[in-house]
Amino acid sequence: QKEVEQDPGPLSVPEGAIVSLNCTYSNSAFQYFMWYRQYSRKGPELLMYTYSSGNKEDGRFTAQVDKSSKYISLFIRDSQPSDSATYLCAMSESGANSKLTFGKGITLSVRP
Amino acid sequence: GAGVSQTPSNKVTEKGKYVELRCDPISGHTALYWYRQSLGQGPEFLIYFQGTGAADDSGLPNDRFFAVRPEGSVSTLKIQRTERGDSAVYLCASSLTGGANSQAFFGQGTRLTVV
């Protein structure tokens, strides 16, 4: 079993839909939780960053972390065609080395 | 530079050959990471540099892979005796300090194809 599991895709939604993306993990030492967005043939770019449990909102994006269930989510409201990309969850332990452990990624397509 | 720069963007090599992949991090960033992303997968950690030293090389798959960062800025990932299974996108990332609350910025990657 991988340390980080991400819901398989691909996912196709109409413009304006609410999108829910999820990951589970097994390593209880993970303290930092991130969502990256990756466009085709580009490097990942940081979208949301959360420390420990809780919610964080940034515009149309909300990240949730439930450490007791080892479960994280990303919600996208009023989805736009420009949101079409691969979304990767990533996690790291605390300390000086913040190497990231990524999920497999899910490809989202928002239809106009 | 403005961002993390990786060269070449694409590299095609024959099985058994040696390749070098270069990463130019954001100026002033002390931490540098290499990741490998296979098709349809998330990036997998290879090695982490803090300054000139490899602080964590636990992700290197075998001794054909080696990386250096001699002056604490540019890094080179070296792969000897390439195999078809090495085909992937190799991503480099840098962060200001390397700590868990220090954001990592990724380059666009080098797409390596071993034929």
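Procedures and definitions
- Along every chain, residues carry numbers that run from 1 in the direction the sequence is written.
- In the order they appear in the text, chains get letters beginning with A and ligands get numbers beginning with 1.
- For a predicted model such as this one, the threshold for reporting local features is a pLDDT of at least 70, and the threshold for listing and counting side-chain atom pairs is 80 or more; totals across whole chains, interfaces and linings nevertheless cover every residue.
- Where side-chain values are given, they derive from all heavy atoms of the structure, hydrogens and water being excluded.
- Two strands qualify as a pair provided DSSP detects at least 2 bridges between them.
- Here a strand is any run of E in DSSP of at least two residues, a helix any run of H or I of at least four, and the numbering for each starts at the N terminus.
- Comment: axis = line fitted to C-alpha atoms, over the contacting stretch for helices; angle = value between 0 and 180 degrees taken between N-to-C directions.
- In what follows, a contact means two residues having at least one pair of non-hydrogen atoms within 4.5 Å.
- In plain terms, two cysteine sulfur atoms within 2.5 Å form what is called a disulfide here.
- Each residue's exposure class comes from its accessible area (1.4 Å probe, protein chains only) as a fraction of the maximum for that residue type: buried when under 20%, exposed when over 50%, partly exposed otherwise.
- In summary, the pairing rule links any two rings of Phe, Tyr or Trp, Trp by its six-membered ring, whose centres are within 6.5 Å, and it sorts them by plane angle into stacked for under 30 degrees, edge-to-face for over 60 and tilted for everything else.
- Definition of nonpolar core: a set of buried residues of the types Ala, Val, Leu, Ile, Met, Phe, Trp, Tyr and Cys, connected through side-chain atoms within 4.5 Å.
- As used here, buried area is the combined drop in accessible area, with a 1.4 Å probe, of two parts when they are placed together.
- A pair is scored as a salt bridge if a Lys or Arg side-chain nitrogen falls within 4 Å of a carboxyl oxygen belonging to Asp or Glu.
- Polar contacts, as used here, are pairs of N or O atoms within 3.5 Å; protein pairs need one atom able to donate a hydrogen and one able to accept it. Residues neighboring in sequence count only if both atoms are side-chain atoms.

Thoughts on the pairing of strand 7 (residues 61–66) of chain A
All names here are of chain A.
Logical step 1: Examined bridge by bridge, strand 6 (residues 54–58) and strand 7 share five bridges and lie antiparallel to one another. Bridge pairing in strand 7 links Gly54 to Val65.
Logical step 2: The antiparallel hairpin formed by strand 6 and strand 7 contains two residues in its connecting segment, where Gly59 sits at a positive phi of about 65 degrees.
Logical step 3: Across six bridges, the pairing between strand 7 and strand 8 (residues 71–76) is antiparallel.

Structural notes on the sheet that holds strand 3 (residues 19–24) of chain B
Residue and element names in this part refer to chain B.
Logical step 1: Pairing within the open sheet is antiparallel, and its four strands lie in the order 1-3-8-7. Where the open sheet ends on each side, the last strands, each with one partner, are strand 1 (5–7) and strand 7 (65–68). Taken over all neighbouring pairs, the strand axes of this sheet differ in orientation by 15 degrees on average, direction set aside.

Digging into the side chain of Asp86 of chain B
Logical step 1: Turning to its location among the elements, Asp86 of chain B is positioned in the loop between strand 8 (75–79) and strand 9 (88–95).
Logical step 2: Residues in contact with Asp86 of chain B, not counting those within four places in the same chain, are Arg36, Arg64, Phe65, Ile79, Leu112 and Val114 of chain B.

Regarding the state of the cysteines
Logical step 1: For the structure shown, the criterion picks out two disulfides over all chains.
Logical step 2: With its sulfur 2.0 Å from that of its partner, Cys23 of chain A forms a disulfide with Cys89 of chain A. Disulfide Cys23 of chain A-Cys89 of chain A: the torsion about the S-S bond is -100 degrees, which places it as left-handed. Taken together, the residues Cys23 of chain A in strand 3 (residues 19–25) and Cys89 of chain A in strand 9 (residues 85–93) connect sequence positions 66 residues apart.
Logical step 3: For Cys89 of chain A, a relative accessible area of 0% puts it in the buried group.
Logical step 4: Across the disulfide from Cys23 of chain B sits Cys92 of chain B; the S-S distance is 1.9 Å. Taking the torsion about the S-S bond as the criterion, the Cys23 of chain B to Cys92 of chain B disulfide, at about -65 degrees, is left-handed. With a gap of 69 residues between them, Cys23 of chain B in strand 3 and Cys92 of chain B in strand 9 connect regions that are remote in the sequence.
Logical step 5: Take Cys92 of chain B: its relative accessible area is 0%, and that puts it in the buried class.

Concerning the sheet that holds strand 6 of chain A
All names here are of chain A.
Logical step 1: Taken in spatial order, the five strands line up as 1-3-8-7-6 in an open sheet, and their pairing is antiparallel. Only two strands of the sheet have a single neighbouring strand rather than two, namely strand 1 (4–6) and strand 6. The average undirected angle you get between the axes of adjacent strands in this sheet is 15 degrees.

What about the packing of aromatic side chains?
When we look at a pair of aromatic rings, we describe it by the centre distance and by the angle of the planes.
Logical step 1: The final tally for this structure, using the stated rule, is twelve aromatic pairs over all chains.
Logical step 2: Ring centres of Tyr32 of chain A and Tyr49 of chain A lie 5.9 Å apart, and the angle between their planes is 35 degrees; this geometry places the pair in the tilted category. With a gap of 17 residues between them, Tyr32 of chain A in strand 4 (residues 30–38) and Tyr49 of chain A in strand 5 (residues 45–51) connect regions that are remote in the sequence.
Logical step 3: Under the relative-accessibility criterion, Tyr49 of chain A is labelled partly exposed at 21%.
Logical step 4: Aromatic pair Phe102 of chain A and Phe106 of chain B: ring centres 6.1 Å apart, planes at 70 degrees, arrangement edge-to-face. Pair noted here: Phe102 of chain A is in strand 10 (residues 101–102) and Phe106 of chain B is in strand 10 (residues 105–106), and the two residues belong to different chains.

Some remarks on the nonpolar core
Logical step 1: By size, the foremost hydrophobic cluster in this structure holds 25 residues, and its most contacted members are Trp35, Ile72, Leu74, Tyr87 and Met91 of chain A.
Logical step 2: For this core, the secondary-structure elements that each account for two or more residues are strand 3, strand 4, strand 5, strand 7, strand 8, strand 9 and strand 11 (106–111) of chain A.
Logical step 3: If near-sequence neighbours (up to four positions away) are discounted, Ile72 of chain A is found in contact with Leu21, Asn22, Cys23, Tyr25, Phe33, Met34, Trp35, Gln64, Val65, Cys89 and Met91 of chain A.
Logical step 4: Among the nonpolar cores identified, the runner-up in size contains 20 residues, and Leu21, Phe65, Ile79 and Ala88 of chain B belong to it.

What about the interface of chain A and chain B?
Logical step 1: Taken together, the contact pairs 23 residues of chain A with 25 residues of chain B.
Logical step 2: Taking both sides of the interface into account, the surface hidden between chain A and chain B amounts to around 1700 Å²; carbon and sulfur atoms contribute 49%.
Logical step 3: When the area that chain A buries against chain B is broken down by residue, the three leading residues are Arg41, Lys99 and Lys104 of chain A, summing to 25%.
Logical step 4: A salt bridge links Lys99 of chain A to Asp56 of chain B, with the shortest nitrogen-to-oxygen separation between them at 3.0 Å.
Logical step 5: Taken together, chain A and chain B are joined by nine residue pairs in polar contact (both at pLDDT 80 or more).
Logical step 6: Every element with two or more residues in the side of chain A that touches chain B is listed here: strand 4, strand 5 and strand 9 of chain A.

Honestly, that's just the spatial picture; any functional story needs more than this.
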